[in-house]
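Observations on the three-dimensional arrangement
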Amino acid sequence: MTTAAQAPEATVPAPSAPATAPAEAGAAASAPVRRPGPPPRPRPPAVLAATGTSTAALLLLVALGTVLHHPLLIPPLAASMALVAAAPDLPLSQPRSVIGGQLLSALTGFAVLAVAGPGPWSAAVAGGLALGTMALARAPHSPAAATAVIVALGGPPFWTFTGLLLASCALLVAVGVLSARVTRRTYPVYWI
């Protein structure tokens, strides 16, 4: 008699699927079950394109910030560009999410700042509330939660910070669109 502890570990049960049409049932039964693990290794040209695109966009932010005498490169924008360059198909990478998510998160940070003042407690609340705000607006962009934290920690000037953030996000999206044209990829998948 075999117990559960002695059963072989080589078989993984397939997740239950809804009933399919008879023609589809044979194809679904023969499809291999993908085990969890790291993503497939990307092709070198894709890595070079994503790395070059991201580096170019971030250098443009630094150059523009130098001309304007305001730092434009903040950590959340580097993370935003990484999504746009390396995963342009994801909902998190679309212009609606990059621009909308960053702006909504900044506004959330400013709202928390107005109520509670600057500090780590406010930053924690702002970061958490930013997630809900983006979800309700259907503009999910995880790097933007850090923008809310930055606002609630530092209390930057509203109009300056918001205007420069908007310009920076628009630049990131524009570089993503240009890169997609050059590399013949599709970006964005949708705008609004």
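Residues numbered from 1 in each chain as written. Predicted model: local features only at pLDDT ≥ 70, side-chain atom pairs only at ≥ 80, totals over all residues. Heavy atoms only, no water.

Caution applies to low-pLDDT regions: their predicted coordinates should not be interpreted in detail. Averaged over every residue, the pLDDT of the protein is 88; the share at 70 or more is 84%. Note that residues 1-13 has pLDDT below 50 and, in this model, four contacts with residues that lie over four places away or in other chains. (pLDDT = per-residue confidence, 0-100. Contact = heavy atoms within 4.5 Å.)

This next bit is on helix α2 (residues 44-68). For α2, spanning 25 residues, the distance from its first C-alpha to its last is 36 Å, which sits close to the expected 36 Å at 1.5 Å a residue. Taken residue by residue, α2 has Ala50, Thr53, Ser54, Ala57, Leu58, Leu61 and Gly65 as its buried positions. In this structure, the buried side of α2 is in contact with α3 (75-86) and α7 (158-183). Note on α2: the residue one or two positions beyond its end, His69, has a positive phi of about 60 degrees. (Helix = DSSP H or I, 4+ residues; strand = E, 2+ residues; numbered from the N terminus. Expected span 1.5 Å × (residues − 1). Buried < 20%, exposed > 50% of the residue type's maximum accessible area, 1.4 Å probe, protein only.)

Where helix α4 (residues 95-116) meets α7, the closest approach of the two axes is 9 Å, and the angle between their N-to-C directions is 165 degrees. Considering their axes alone, α4 and α7 lie roughly antiparallel with respect to each other. As for the relative orientation of α4 and α7, their crossing is right-handed in sense. For the pair α4 and α7, contact is made by Pro95, Val98, Ile99, Gln102, Leu103, Ala106, Leu107 and Phe110 and by Phe158, Phe161, Thr162, Leu165, Leu166, Cys169, Ala170 and Val173, respectively. Residues belonging to the contact of α4 with α7 are distributed by class as follows: 14 nonpolar, two polar and no charged. (Axes fitted to C-alpha atoms, helices over the stretch in contact; angles between N-to-C directions. Parallel < 35°, antiparallel > 145°, perpendicular 65-115°, else oblique. Left-handed = near helix turned anticlockwise from the far one by under 90°. Nonpolar A, V, L, I, M, F, W, Y, C, P; charged D, E, K, R; others polar.)

Across soluble globular proteins, you tend to see nonpolar side chains buried next to one another. Ranked by internal contacts, the top residues of the largest apolar core, which has 26 residues, are Leu77, Met81, Phe161, Leu165 and Tyr187. Those elements that provide at least two residues to this core are α2, α3, α4 and α7. No other element matches α7, which puts nine residues into this core. Not counting the four nearest positions on each side in its chain, Leu165 is found in contact with Ile74, Leu77, Gln102, Leu103, Ala106 and Thr147. By size, the runner-up hydrophobic cluster in this structure holds eight residues, among which are Val112, Ala130, Met134 and Ala144. (Core = buried A, V, L, I, M, F, W, Y, C linked by side-chain atoms within 4.5 Å.)

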